[in-house]
Amino acid sequence: RSSHEARSPPSRQALHALSGGNQPPLDRPATMSTPCRAYHFASTQYAAAFGKLPDTGRAYADRLRTDAVAAAVAIGDSCAAWTAEPAVTLLRGESLRAGTPIATLDAWGRTNGLLVQATAVEVNAVVAHARGYRPPATDLRASVRAIETEYLAPGSAAAAALVACQALDFGKQDGVTEMIENVEAAAVERRMADALLADELAGIVNICRAPAFVACVSNFTNFLDLSRKVLRNLELGVPVVVLSRSNTAQHSFRWAYDLNARLASHGVDAGMFTFLAASLNEQRRAIGACEAACPLYFTGSRTVAAAIRTSHGRTFASTGGPNTLLATEATDAIGEAIRTSATIEHAGQCTALRLAVVPCEAARALEMLGGATTATEAVDALAVSEFAALLAPGISGSLPGGPLPSAGYELLPPGVHVRYSADLLPAGKVEEHWRHAVVDVTAPPSAEALRSGEWTSKLAEWLIQAQPISVAVNDNVEQNGFALALSLFEQTAVVVFTAGSLEVPALTCQARPQHGEVFGEVPPRRQLRQHTLFPVLVPSPTPAYNSGYAHSYLASKGKEWVQKPPVAPKAALALVTLAAEDEAGGFGGGVGAGYVAELLEYLQDALQTNPKRGSAPSGGRTALYGLQTTPLGTNNTPGPVTIVRISAGVRPAPLCAILLPFVATNAAPALRLSVDASHAPSRALVEALVARGAVLSSQVAIEEEDAFSACVSAESPFNVVDVSALAELDVQLELGVGLPLAGQLVSTLLCFGHAKSTRPDDEEFARTFGTSAKWLQMVAK
C-alpha cells in the first residue's frame, strides 16, 4: 500500500477556493482558532445541533406509505425487473458489464435478479481510479444536499422507490419510519458536518479524502448507508466506493444506480462515486490494493467485523449484541413488549430482543412469546403499518442468515424459538440468529430476588461481557421508583438504556438519535480494537472518523500551554508537560502537548453540563445523554478496572493522551497501571508520572509479563490498553490522517450513550438518573 503522504491536505486558501462560495452560514466561536466541536460527542456545540428539526407530520408518513406500496406493485415481479437490469459496477458514471452474471437472493433465499460480477480487469480499473483520483472540490454540500432533499421531500417518488426496493429485497416492513427519522437525523448531522468543514477551513483539522469504502448493511441501508456513509462523505469532498452485498444485494444497488444519475445531473464529478459489484475475494483484493488511509465503514455481525479489521486497520464497524429486556412482573403489557421486541422486522433489526429476564413460570414464558403477528410479504405489512410481523417466506423457507438454534429451544407457532431457564443466564457466546426470532428467558425466583444487589450484580457482569446494544428495564415505578434501572445503568456500559414501567414498558427496539437518544453498536470494550478502530455513534458526521488534527494547530496549542499553563487539574497539567518532553517521532514535543491539551479542553467543554437533556418534541420520551465513567460497582464503588500496560515501545506522549481522560475526571478510580518490571525505561516513565502527581503510587503495579497475564485472567478487567493500542496513534500520523479527534479517542476508553424513560417529561427519572455518579465529571484539582 502506498503512503498517504501524497494526499496531504490542501491549504486553507485552496480549500476556500475549492468550496465555490456555496457554504451555508456557520455558527463559529468568536476566535477562529477555537474548535467548533459540534462533531465531538456531548460537546456544547454538539448539543446545539439538536432541535428545530423538519416537521414531517402524519401526512408525510401516510403519503410515503401509499406511494411505496404503489411503487412495489409497479415493480411487480422484482426478479424479472432486476434480471432485465442487473446490478453492475459503476465507475466514473459508466456501467461495467463484462463479467459473469450470478443470481442474487432476497432475505429468504429466493432468486430475485442478477448481479454482474466485475472481471479482474474491471476491478483493477476501480483500484487504479481509487488510487489516482483527487477530488476536484472539497465542498459539495449544495449539490449533495439538493440530491438528499429530492430523496426526502414530501411526495418524493425517489423516497417511495427506496422503501419499495427495501421491502421487496430485504423484507423491510417499516421503511417509512426509517425515512422519517432520516429526514430529522440528516438535519442534525448536516450541522455537525458544517462544523467539521469549518474547522478544516480554520486550520484546526484535516479531513482525509482517501476514498471511503462502504460495505452496505441489509437493514437501514437508506439511512445508515445512503445518507450517513455516502452523502455525508460526498458533501465534504470524500470519494466513495460502495461494495455490493453477497445477499439482499439488489436494494443497495438500486439506490446507488439512482444516486449515480442524480450526481451527474447536479454537476458532481463522476469520479466521486463508484459501485463495485464483485465477489468478496475481489472486494478484499481491491481494498488491500488501495491506500491504507482509506476508511471502510461496516454495519453487521461481530464475526464479520473482526475478519475485516484483521486485514484493514481503518475499519469503522457497528456490531450487534444480545439485546436484553428486564421486567419484575410478567404482565400482559410486558408480554407484548417482549414479543414485539423479539419479532421486529422478522428479527431483522439490530435492536431485536435476544434475552428476557422476568420472574415467571415456563408456561407463562411460552404464552408471552406465542401467537406473534404474521404477514404474507413485507409489502403487505407495509401497507397496514405493521413492523413486527413474522413473514411467511421466513417462517417456511430456508434463511441464508444462519442455522436454527441448537437443542433446548422450543418452537412456538408461528415461528419463535424459546429456551426457558430458572435463574440461569445464558452461558458462553450468545448467537443472535439473524432473521430467526430466538429468545432466551431467564426467570429469577421473584421480583424481590431480581431487585436484590446479588442478582443485579450478576446480570451486570453478564451484560458487560456480552455488551448488548440495548437494555430495557421495567419495574413498578410508582411503588419502587427507578432504583433497579439505575443500578443496572451504573454497573454496565450499555449505549442504549431505557427505563419503563409495567404499564408503559420499555422495548429494546427504541432509539431516536435525532432527539438525543444517541445510538451505537459497540463490542465488549476489551474486544473493541478487534472489531473497529473507533466506536461509531449516531448522530455524528461520518467523515470525522477518518479526520485528524492539523500538525500546526497542535504544535501551537502545545507551545501556548507549556509557556502559560491555564487553570486545570494538576494531574492533567502534569501530563501536558510530560508529553512536551517527549521528542521522539512526530507525536511528541509541542504536538504531543497540544494533543493532550486538546483532549482536556474537549472534556472541560463536554462536562460543563453532563448529562444533557434530549430534545424530544412534546409527548416524546425523556432522555439524558453524555459521557460516562467505566462501569461502577454496587453502591457507586469502583467497578472493573482499565489496565494500561506499560512496557517496551510505550512512549510518554501517547501514554499521556490515554491517561488524560481518566486522571482529569471521576473515572480515575478505575485506572490501573501495570509496569513491566524488567524494562527500566518503563519503570522510569511511571516514576515520573507518580512524582509529578499524574497518578497515585497505589494505582501502579510493577510486574513481569506472566504476573500481568495472570492478573488479567483473574480480575477480568473492563479494558486492557497495551503498546499496540498506543501505536495506532502513531500510525495515524504515518498515514497522513493526523492524530484522532478528541471525541473519537475518548470513546475508546470511557462509556457514552443515553438513558431514557418511556414517559414524557419524566422529571422523577431526570432527577434520579441525572445525579448518577456514572456520568463523567471533571475533578476539582
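Please refer to the structure higher up on the page.
None of these values were measured; they are calculated from a predicted model. (Residues numbered from 1 in each chain as written. Predicted model: local features only at pLDDT ≥ 70, side-chain atom pairs only at ≥ 80, totals over all residues. Heavy atoms only, no water.)

Undergrad: Lay out the nonpolar core in plain terms, naming residues and giving numbers.
TA: Most often, soluble globular proteins keep nonpolar side chains buried together rather than apart. Counting residues in each nonpolar core, the largest one holds 109 residues, and the members touching the most others are Phe-41, Leu-627 and Leu-659. Apart from the residues lying within four places of it in its own chain, the contact partners of Leu-659 are Leu-575, Val-644, Leu-671, Leu-673, Leu-689 and Val-695. (Core = buried A, V, L, I, M, F, W, Y, C linked by side-chain atoms within 4.5 Å. Buried < 20%, exposed > 50% of the residue type's maximum accessible area, 1.4 Å probe, protein only. Contact = heavy atoms within 4.5 Å.)

Undergrad: Describe the packing of aromatic side chains, listing the residues and the values that go with them.
TA: All chains considered together, the criterion is met by 22 aromatic pairs. Ring plane angle 70 degrees and centroid distance 5.5 Å describe the contact between Tyr-46 and Phe-50, whose orientation is recorded as edge-to-face. There is no split in this pair, since Tyr-46 and Phe-50 are both buried. With 5.3 Å between their ring centres and 50 degrees between their planes, Phe-489 and Phe-769 make a pair best called tilted. Here Phe-769 lies in helix α30 (residues 763-770) and Phe-489 lies in helix α20 (residues 483-490), a separation of 280 residues in the sequence. Overall, the relative accessible area of 1% leaves Phe-489 in the buried class. Taken together, the ring pairs connect Phe-482, Phe-489, Phe-497, Phe-765, Phe-769 and Trp-775 into an aromatic cluster. Seen from the ring of Phe-220, Lys-172 lies directly overhead, with NZ or CZ sitting 3.7 Å from the centre. Positioned above the aromatic ring of Tyr-151, the side-chain terminus of Arg-262 is 5.1 Å from the ring centre. (Phe/Tyr/Trp six-rings, centres within 6.5 Å; stacked < 30°, edge-to-face > 60°. Helix = DSSP H or I, 4+ residues; strand = E, 2+ residues; numbered from the N terminus. Lys NZ or Arg CZ within 6 Å of the ring centre and 35° of its normal.)

Undergrad: Run through the pairing of strand β9 (residues 296-300), naming residues and quoting values.
TA: In terms of burial, β9 is a largely internal element, 4 of the 5 residues being buried. The pairing of strand β6 (residues 212-215) with β9 spans 3 bridges and is classified as parallel. Bridged to Phe-213 within β9 is Leu-296. Summarising the sheet, β9 and strand β10 (residues 315-319) pair through 5 bridges and their orientation is parallel. Each bridged residue has a counterpart across the sheet, and for Phe-298 the counterpart in β10 is Ala-317. In terms of handedness, the path from β9 via helix α12 (residues 302-311) over to β10 forms a crossover that is right-handed. (Pairing = 2+ DSSP bridges. Right-handed = clockwise from strand over helix to strand, strands pointing away.)

Undergrad: Go over the packing of helix α3 (residues 57-75) against helix α8 (residues 175-201), please, and point to the residues and values.
TA: Orientation of α3 relative to α8, taken along the N-to-C sense of each, is 135 degrees, at an axis distance of 10 Å. By the angle class used here, α3 and α8 are oblique. With respect to the hand of their crossing, α3 and α8 are arranged in right-handed fashion. Residues Tyr-60, Ala-61, Leu-64 and Arg-65 of α3 lie in contact with α8, whose contacting residues are Val-176, Met-179, Ile-180 and Val-183. Class assignment for the residues of the contact of α3 with α8 results in 7 nonpolar, no polar and 1 charged. (Axes fitted to C-alpha atoms, helices over the stretch in contact; angles between N-to-C directions. Parallel < 35°, antiparallel > 145°, perpendicular 65-115°, else oblique. Left-handed = near helix turned anticlockwise from the far one by under 90°. Nonpolar A, V, L, I, M, F, W, Y, C, P; charged D, E, K, R; others polar.)

Undergrad: Account for the state of the cysteines, naming residues and giving values.
TA: Inspection of the entire model under this criterion finds 0 disulfides. Cysteine Cys-216 shares no disulfide, and the gap to the nearest cysteine sulfur, in Cys-165, comes to 13 Å. (Disulfide = S-S within 2.5 Å.)

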